[in-house]
Amino acid sequence: MVQVSSMKEDAVTSGHGSGGRLTQKLTERILSRFETEGFEMEDCAFLDKGGNDADIAVTMDGFTVSPQDFPGGDIGKLAVCGSSNDLAVRGVEPRWLTLSLIIEEGLEFSLLDRYMESAARTAKEGNIRLIAGDTKVVPHGMADKIFIAACAMGKKMSSRTLQTSNLRQGDVLILSTSPGRHGAALAAARFNIAAPGLTSDCALLWPSLKPLMALDGLRCMRDCTRGGLGTVLCEWAEGASLGVELVETNLPANRETNAICDILGFDPLYLASEGCAVVAVAPEQAEGCLDLLRQNSISRDAAVIGRIVADHPRMVGMKTRIGGMRCVDMPVGEILPRIC
Amino acid sequence: MPESDLKAPREGPANIEALRGKLSEYLECAGRPLTFMEVCGTHTVAIFRSGLRSLLPEGLRVLSGPGCPVCVTDQSEIDMALSLAKRDCVVLTYGDMLRVPGSSGSLLKMKGEGAAVEVVTSAIQSMEIARKNPEREVVFLGVGFETTAPATAVTLQQARRNGLDNFSVLCLHKTVPAALSALCSNPDLRIDGFILPGHVTVVTGLDEYAFLTKKLRRAAAVAGFEPEEILACMTDLARQVAERDFRLSVWRLKDVPIEGNPAARRILSEVFEPCDARWRGLGVIAGSGCRIAEPYGEFDAVRKFGLDPAEDVVDNGCRCGEVLSGLISPPECELFGRVCTPLAPVGPCMVSSEGTCGAWYRYHQ
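Residues numbered from 1 in each chain as written. Chains lettered and ligands numbered in written order. Predicted model: local features only at pLDDT ≥ 70, side-chain atom pairs only at ≥ 80, totals over all residues. Heavy atoms only, no water.

**Re the overall build of chain B**
- Along chain B, the regular secondary structure elements total 16 helices and 12 strands.
- Taking 365 residues into account, the globule formula puts the C-alpha radius of gyration at 21 Å, and chain B, at 21 Å, falls close to it.
- Oriented by its inertia axes, the alpha-carbon framework of chain B measures out at about 65 × 50 × 35 Å.
- With 365 residues in all, chain B has 62% of them scored as buried.
- Counting only contacts in chain B whose residues sit at least 6 apart along the sequence, the fraction spanning at least 24 positions is 77%.
- Of the roughly 13,700 Å² of accessible surface on chain B, 50% is carried by carbon and sulfur atoms.
- The distance from the centre of the 39 positive side-chain charges to the centre of the 46 negative ones in chain B is 1 Å. (Helix = DSSP H or I, 4+ residues; strand = E, 2+ residues; numbered from the N terminus. Rg over C-alpha atoms; globule rule 2.2 N^0.38 Å. Buried < 20%, exposed > 50% of the residue type's maximum accessible area, 1.4 Å probe, protein only. Contact = heavy atoms within 4.5 Å. Areas by Shrake-Rupley, 256 points an atom, 1.4 Å probe, with all protein chains shown as cover. Lys, Arg positive; Asp, Glu negative; His and termini not counted. Charge placed at Lys NZ, Arg CZ, Asp CG, Glu CD.)

**Quick word on the sheet that holds strand β7 (residues 167–171) of chain B**
Residues and elements named next belong to chain B.
- Taken together, the 4 strands give an open sheet; going across it, the order is β5-β4-β6-β7, and neighbouring strands pair in parallel fashion. Looking at which strands have only one partner, the edges of the open sheet turn out to be β5 (117–119) and β7. On average, adjacent strands in this sheet sit at an angle of 25 degrees to one another, irrespective of strand direction.
- As defined by bridge partners, strand β4 (residues 90–93) adjoins β5 across 3 bridges and the pair is classed as parallel. Looking at the pairing, T93 lines up with V119 of β5.
- Along the sheet, helix α6 (residues 123–132) makes contact with β4, β6 (138–142) and β7, crossing β6 at roughly 170 degrees.
- With respect to the sheet, helix α7 (residues 149–161) is in contact with β6 and β7, its orientation differing from that of β7 by roughly 155 degrees. (Pairing = 2+ DSSP bridges. Axes fitted to C-alpha atoms, helices over the stretch in contact; angles between N-to-C directions.)

**Focus: the pattern of salt bridges**
- Applying the stated criterion across every chain yields a total of 31 salt bridges over all chains.
- K136 of chain A is the partner of D134 of chain A in a salt bridge, and the nearest nitrogen-oxygen pair spans 2.9 Å.
- Residue class for D134 of chain A comes out partly exposed when judged on its relative accessible area of 34%.
- Note that D236 of chain B is salt-bridged to R239 of chain B, the shortest N-O span being 2.7 Å. Of this pair, D236 of chain B and R239 of chain B both sit in helix α11 (residues 227–243), 3 residues apart, which is roughly one turn of the helix. Taken as a pair, D236 of chain B and R239 of chain B share a single burial class, namely buried.
- Here the salt bridges share partners, and the residues they tie into one network are D236, R239, E243, D245 and R247 of chain B. (Salt bridge = Lys/Arg side-chain N within 4 Å of Asp/Glu carboxyl O.)

**Concerning the nonpolar core**
- Ranked by internal contacts, the top residues of the largest apolar core, which has 85 residues, are L84, L107, L170, L180, F194, L196 and L212 of chain B.
- The element that contributes the greatest number of residues to this core is helix α4 (residues 75–86) of chain B, accounting for 6 residues.
- Not counting residues within four places of it along the chain, the set of residues in contact with L170 of chain B comprises E77, M80, A81, L84, V139, F140, L141, G142, A301, V302 and L307 of chain B.
- Ranked by size, the runner-up nonpolar core spans 31 residues in total, among them A79, L101, L107 and A123 of chain A. (Core = buried A, V, L, I, M, F, W, Y, C linked by side-chain atoms within 4.5 Å.)

**With respect to helix α2 (residues 41–49) of chain B**
- Counting buried residues in α2 of chain B gives 8 out of 9 residues, a clear majority hidden from the surface.
- Immediately downstream of α2 of chain B, the backbone of G51 of chain B shows phi near 75 degrees, a positive value.

**What about the interface of chain A and chain B?**
- Each side of the interface is counted separately: chain A has 36 residues, and chain B has 49 residues.
- For the interface between chain A and chain B, the tally reads 3 salt bridges.
- The partner of D267 of chain A in a salt bridge is R49 of chain B, and the shortest N-O contact between them spans 3.8 Å.
- Listed by contribution, the elements that provide at least two residues to the side of chain A that touches chain B are α1 (21–31) and β14 (325–328) of chain A.

**Here's the deal with the pairing of strand β3 (residues 60–67) of chain B**
Residues and elements named next belong to chain B.
- Where burial is concerned, most of β3 is hidden: 7 out of the 8 residues are buried.
- Pairing of strand β2 (residues 34–40) with β3, which is carried by 6 bridges, proceeds in the parallel orientation. Looking at the pairing, C40 lines up with G67 of β3.
- Each parallel crossover has a hand, and the one from β2 via α2 to β3 is right-handed. (Right-handed = clockwise from strand over helix to strand, strands pointing away.)

**Notes on the environment of D236 of chain B**
All names here are of chain B.
- Among the residues examined, D236 registers a relative accessible area of 5% and is labelled buried.
- Spatially, the C-alpha atoms of D236 and A220 are 8.6 Å apart, while their sequence positions differ by 16 residues.
- Excluding residues within four positions of it along the chain, D236 makes contact with R247, S249 and W251.

Okay, here's the thing in structure tokens:
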């Protein structure tokens, strides 16, 4: 007798933290317990639904990165950038921050000081004020040195709301920099692979995205964090019931990221970025958008990477370097290095 | 003198259209639909990821073979690894082995439950971990073909030199030519040509595959992992069939030495000895496995922990064996995409990043 048994889910796995399909299922499971009607549940929430320019937006994020120090940043800088960027991509200027620190007993003060100095420096750069916080110390072994939860708040800088439902057929997709640098830098550090020149792209996005607020054709933006660019675009395609068509040769590329991906069998499309945004804009304003982005050093490699199409709704297709087409789907589970 | 025709496409992307044209011409000359098999999982992913499949002419069917080490690792072998994790050993493995189901879950599940299971990217790294944790028994899962086996062999040499007594290897390495030979003995198999993996050939040399063209009169060619190389390889396979001129050729931008890597083969023959190995879905293939040889016996986890590879008897409806043999393509399996998905894989072909079913599911919608 044939016994059909697949690997049933009876507990949370590391795959649920990957940012891909399993994370989507996890958040749906949690949200199903709550009353969320009236909120889009995108990167941040607007508290005043009246739609005036002074709308306050809020977001919440947790940081458990390992290792805590990585080329191009550390957990302190990441906490400020990661939480603030969720506001920036919705057209909100980050202004205020609260931090909650879960500290493992035994953490050296020198490390704690360094991470907090890094967070403070980044906040100062972005003109963001720390206004509240909390600390908890847990027994040794119950945390990995330090976990940070960050709540960022800010003011909406446009009368329009940037959201997935704005997407229209023909919209042009622009990527602000090469995808996957944060994930590649962490993978290199985690798996002890020397990667000279590879640094995380961890950065505050607001300075480079703020000028785009002047574009009335700006539809939607997203930072490509966990799950990477591929996951964001899948979410857009599914959320807007439209198709996405990418052009592989247009994607900004980073040689060091690609080298790490080759070694480990990863696809940069699915690796996390922490200073990279994908922007959807009306076709007639694509050139202008590109020019504005390229004026800022963190987005000087910005490029048109594809467009929103009516074909293959809810799916992301990519025209490949050799002229073929392939499907880009959300990653499932934790991304693991391959054998050979 | 080994038969070979060393040449590689050096012109890059512009070549694609010309190659497609030639491939169609040769298919027409052959006068019937052709079926090729890419043996290696890395080829499977390269073909999907590059969109090459969408460019292939009608009349050419490309199947995936048994060349993904994760897919062919038998359930009984995973069960041995699980039993080591249960005994409080530190189990070190290459990443994509974590998700492969044994009869009672996977290494990933055990890791989630607190077992000491960690991912390494090299065998030598596992020895370093053993050295830093002298109070723990550290076991490395030696998995893979000729590409990863030399690294395991070198690690065993160093472990012996350093007198490490808390380190051992669960050796599950397998060899590609033996599997191909077994596949070809299946009378139901209708494969006209084989796309052979470049990185394996770098170690084995070309002679190991001469039986395909000389004895079995099948087309065979070695390809690297760039889509241009794979397409050039397919074109030459079609040419071999059309002209009935079966000569092993190489389509790789980096040259493949005809003799392979003698140093690597020497180390392999010193540290391992051939043994019969159980392949998931394919059964036992004589002489296709690597057993740790007597001089290194103290590092053999099977002997050290008295492991007993139980027979794989669970029939879960998964047709991985037929997929790996090229007898069916993934959607022909009743479970594919319904019961068996990357979120809830039934068989290893859906688990691995290089597994045939997983690649079909991800890239072929």
